[in-house]
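Here is how the chains run, residue by residue.
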Amino acid sequence: MDKFIEKLSERFNSENDLSDITYTLLICSKDFFDIFIKTIFPDFDITSRISIERESFNNNCRPDFTISTCNHKYLIEVKKWNMNQHFQQYITNFPEYKRAYITNYEIDIETQKQYKNEYNFLTWKTIFDEVSKENRYKKNTLITGYLKYLKNVCYIMEIKDMRFNNLSNLAQFNAFVTELIETTKIEYFSLS
């Protein structure tokens, strides 16, 4: 099963495909749903009755996912290299929803500051890391396949050994430096 889902990445790798495959797993696997949703919305009550829709239409906008429980409504927008962002449009048309934005690129700091109370901003790398961590214990083959799919579609590199003498190309070096910066918690300052 994991090889089957991974192989989908060879042909089904657009932003829409990523949303469709993610939606399918959200519907088909409770383990995946629980891990994925708790990564995005930590306060989500997974014991509640849940309704999930793909591209629900409201006033000329279609977020990738809308999820309703007895007490709350959630909206998730998925992006893959697409910079056509609809922040205000979703706030206007889905005002009572808790919203999340998942991209395979970093949203600029000013935008994050502007919408910090309106959106949870995540990258697909964050989703990949969190789902991987949780699936280590579950060993769910659907989730394992999805992670391989996501890794291929979003060009996620896992760095297992961070030694400069193991680097073989520029892409690997760039990934190494990015990972080092993202995982380092030390604050740097200038002496100028």
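Every chain is numbered on its own, with residues counted from 1 as its sequence reads. pLDDT decides what is reported in this predicted model: residues at 70 or higher carry local features, side-chain atom pairs at 80 or more are listed and counted, and totals for whole chains, interfaces and linings draw on all residues regardless. Side-chain metrics rest on all non-hydrogen atoms present in the structure, leaving aside hydrogens and water.

1. Some remarks on the environment of Ile 156
Link 1 in the chain: Take Ile 156: it is sitting in the loop between α7 (141-153) and α8 (170-183).
Link 2 in the chain: Relative accessible area serves as the criterion here: at 8%, Ile 156 is assigned to the buried category.
Link 3 in the chain: Excluding its chain neighbours within four sequence positions, the residues that come into contact with Ile 156 are Trp 124, Lys 125, Phe 128, Leu 150 and Lys 151. Here a strand is any run of E in DSSP of at least two residues, a helix any run of H or I of at least four, and the numbering for each starts at the N terminus. Buried means the residue's accessible area, taken with a 1.4 Å probe over protein chains only, is under 20% of the maximum for its type, while exposed means over 50%, and partly exposed covers the values in between. Throughout, a residue-residue contact means that at least one pair of heavy atoms, one from each residue, lies within 4.5 Å.

2. Notes on the packing of aromatic side chains
The way to describe two aromatic rings as a pair is by their centre distance and the angle between their planes.
Link 1 in the chain: Centre distance within 6.5 Å is the pairing criterion for rings of Phe, Tyr and Trp, where only the six-membered ring of Trp is used; planes under 30 degrees apart are then read as stacked, over 60 as edge-to-face, and the remainder as tilted. Counted according to the given criterion, the structure contains 19 aromatic pairs.
Link 2 in the chain: Consider the rings of Tyr 23 and Phe 65, whose centres lie 6.4 Å apart with planes at 10°: the pair is stacked. With a gap of 42 residues between them, Tyr 23 in helix α2 (residues 15-28) and Phe 65 in strand β2 (residues 65-68) connect regions that are remote in the sequence.
Link 3 in the chain: Classification of Phe 65 as buried rests on a relative accessible area of 0%.
Link 4 in the chain: Within the aromatic cluster, the residues linked to one another by ring pairs are Phe 32, Phe 36, Trp 124, Tyr 146 and Tyr 149.

3. Comments concerning helix α6 (residues 124-138)
Link 1 in the chain: Take the residue count of a helix, subtract one, and multiply by 1.5 Å to get its expected span. Look at α6: 20 Å from first C-alpha to last across 15 residues, which is about the 21 Å you get at 1.5 Å a residue.
Link 2 in the chain: Listed in full, the buried residues belonging to α6 are Trp 124, Lys 125, Ile 127, Phe 128, Val 131, Ser 132 and Asn 135.

4. A short note on the sheet that holds strand β3 (residues 73-78)
Link 1 in the chain: Within the open sheet, the five strands sit side by side as β1-β2-β3-β4-β5. Their pairing is mixed. Every interior strand has two partners, whereas the edge strands, β1 (51-54) and β5 (119-123), have only one. Put simply, the sheet's adjacent strands are angled 20° from each other on average, direction ignored.
Link 2 in the chain: Two strands pair when backbone bridges link them, and β1 and β2 are joined in this way by four bridges, in the antiparallel orientation. Opposite Glu 53, over in β2, you have Thr 66 as the bridge partner. Here the rule is simple: two strands pair whenever DSSP picks up at least two bridges between them. Helix axes are fitted to C-alpha atoms over the stretch in contact, other axes to C-alpha atoms as well, and angles between N-to-C directions run from 0 to 180 degrees.

5. Notes on the confidence of the model for the protein
Link 1 in the chain: Residues of the protein with pLDDT of at least 70 account for 82%, and the chain-wide mean is 85.
Link 2 in the chain: Predictor confidence is given residue by residue as pLDDT, running from a minimum of 0 to a maximum of 100. Note that residues 183-192 has pLDDT below 50 and, in this model, zero contacts with residues that lie over four places away or in other chains.

6. Here we look at the nonpolar core
Link 1 in the chain: Counting residues in each nonpolar core, the largest one holds 34 residues, and the members touching the most others are Phe 36, Ile 40, Ile 76, Trp 124, Ile 127, Tyr 146 and Leu 150.
Link 2 in the chain: Listing elements by their share of this core, those giving two or more residues are α2, α3 (30-40), β2, β3, β4 (97-103), α6 and α7.
Link 3 in the chain: Excluding its chain neighbours within four sequence positions, the residues that come into contact with Phe 36 are Thr 22, Leu 26, Ile 76, Ile 102, Trp 124, Ile 127 and Tyr 146. For the purposes of this section, nonpolar cores are sets of buried Ala, Val, Leu, Ile, Met, Phe, Trp, Tyr and Cys residues that join through side-chain atoms within 4.5 Å.

7. Let's talk about the pattern of salt bridges
Link 1 in the chain: Throughout this description, the term salt bridge denotes a Lys or Arg side-chain nitrogen within 4 Å of a carboxyl oxygen of Asp or Glu. Scanning the entire structure with this criterion turns up 14 salt bridges.
Link 2 in the chain: Between Arg 54 and Asp 20 there is a salt bridge, with the nearest N and O atoms lying 2.8 Å from each other. Of this pair, Arg 54 sits in strand β1 while Asp 20 sits in helix α2, placing them 34 residues apart in sequence.
Link 3 in the chain: On the accessibility criterion, Arg 54 (17% relative accessible area) is buried.
Link 4 in the chain: The class for Asp 20 is partly exposed, based on a relative accessible area of 33%.
Link 5 in the chain: Among the ionic pairs, Lys 133 bridges to Glu 130, the shortest N-O distance being 3.2 Å. Of the two residues, Lys 133 and Glu 130 are both situated in helix α6; the distance of three residues between them amounts to about one turn of the helix.
Link 6 in the chain: Since its relative accessible area comes to 35%, Lys 133 is described here as partly exposed.
Link 7 in the chain: You can call Glu 130 partly exposed: its relative accessible area is 30%.
Link 8 in the chain: Among the ionic contacts, a cluster of salt bridges with common partners joins Asp 20, Arg 54, Glu 55, Arg 62 and Asp 64.

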